Amino acid sequence: MLKEEKEQWNKLRDRPFKEKLSYFWYYYKYYVIGAFVGIICIFIFIQGYMESTKEPSIYVALINSRYMSVAETSLMDDYVESRGIDTDSAPAKFDISISMIKDSADNASVANSQKLMALFQTHAMDVIISDAWVIEEYASLSAFSDLKALLPADLYEKVQDRLYYYTFSDGRTVPIGFYGDNLPKIMEEKAYSIENPPIVTISGTTDRPEKAVDFIRYLLEE
């Protein structure tokens with residue numbers, strides 16, 4: 001404490017508390033505000049870190065959807081409620097942030113392409129819904145699961161007439177998705193257009209295939 005401040009404190013020693021408080025606030029308010037902001041930042045960082053370390057119950061990505069905000073749809077909230085998922089301990093992730101333009105090298109498209117590749121590599125995603133060109137572009141990397149091998153018979157029967165196939169360089173033709181333009185849970189909220197129907201897929205790198213299958217079951221439920 002500076003000499004001048006010490007002298008001032010001595011003068012205030014016998015003064016009323018309100019006067020002391022007024023003096024303290026006048027000289028130290030910026031320190032108090034700074035400390036308060038610092039505490040808030042630390043709290044937000046810790047809270048964010050704790051959330052990021054929780055194992056998600058499911059991760060669904062809608063690529064190139066028309067949604068600007070998750071508030072525009074109740075798709076994930078309805079799924080969580082129907083399955084009784086405790087999102088406090090196992091958050092359900094609904095990613096609508098990935099948007100790319102075909103054959104474009106603009107910064108946003110490149111960044112989102114890199115993000116999508118990272119999500120595949122880290123086994124983060126379970127269900128991916130997108131327009132066809134994105135599915136086609138990543139299919140050669142074995143980015144999507146073989147639905148015939150993964151879906152139970154009752155679900156496969158429901159989608160077998162709407163399957164989306166990809167032919168690999170070795171000649172294999174595999175059903176890696178199905179057209180979702182007849183799914184009310186997606187189309188009634190106009191997430192995608194009828195002219196550019198979405199393809200529903202299961203990530204080829206998912207660590208939660210049973211969760212992905214259950215989400216597709218939910219999409220197909222009446």
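Residues numbered from 1 in each chain as written. Predicted model: local features only at pLDDT ≥ 70, side-chain atom pairs only at ≥ 80, totals over all residues. Heavy atoms only, no water.

Draft legend 1. Just the side chain of Thr 201, in detail. Structurally, Thr 201 can be placed in strand β6 (residues 198-202). Here Ile 128 takes part through its backbone oxygen, which lies 2.8 Å from a polar atom of the side chain of Thr 201. Leaving out residues up to four positions away in the same chain, Thr 201 has contacts with Asp 126, Val 127, Ile 128, Ile 135, Phe 144, Ile 176 and Gly 177. (Helix = DSSP H or I, 4+ residues; strand = E, 2+ residues; numbered from the N terminus. Polar contact = N/O pair within 3.5 Å; in protein donor to acceptor, adjacent residues only side chain to side chain. Contact = heavy atoms within 4.5 Å.)

Draft legend 2. Just helix α4 (residues 107-121), in detail. Under the 1.5 Å per step criterion, the end-to-end length of α4 is 21 Å for 15 residues, consistent within 8% with the ideal 21 Å. Regarding α4, the residues found buried are Ser 109, Asn 112, Leu 116, Leu 119 and Phe 120. The buried residues of α4 occupy an angular sector of 100 degrees when projected down its axis, which confines them to one face. Within α4, the exposed residues directed more than 90 degrees away from the buried face are Asn 107, Gln 114 and Gln 121. Against the buried residues of α4 lie β1 (58-62), β2 (92-95), β3 (127-131) and α5 (132-139). Between the side-chain oxygen of the N-cap and the backbone nitrogen of Ala 108 there are 3.1 Å, and the N-cap of α4 in question is Asp 106. Within two residues after α4, His 123 carries a phi angle of roughly 60 degrees, on the positive side. (Expected span 1.5 Å × (residues − 1). Buried < 20%, exposed > 50% of the residue type's maximum accessible area, 1.4 Å probe, protein only. Arc of directions from axis to C-beta.)

Draft legend 3. Representation of the packing of aromatic side chains. Summed over all chains, the structure comprises seven aromatic pairs. Ring centres of Tyr 166 and Phe 168 lie 4.9 Å apart, and the angle between their planes is 80 degrees; this geometry places the pair in the edge-to-face category. The rings of Tyr 79, Phe 215 and Tyr 218 are connected pair by pair, giving a single aromatic cluster. For the cation-ring pair, Arg 172 lies above Phe 168, with the distance from its terminal atom to the ring centre recorded as 4.5 Å. When the ring centre of Tyr 218 is taken as reference, the NZ or CZ atom of Lys 185 above it lies at 4.8 Å. (Phe/Tyr/Trp six-rings, centres within 6.5 Å; stacked < 30°, edge-to-face > 60°. Lys NZ or Arg CZ within 6 Å of the ring centre and 35° of its normal.)

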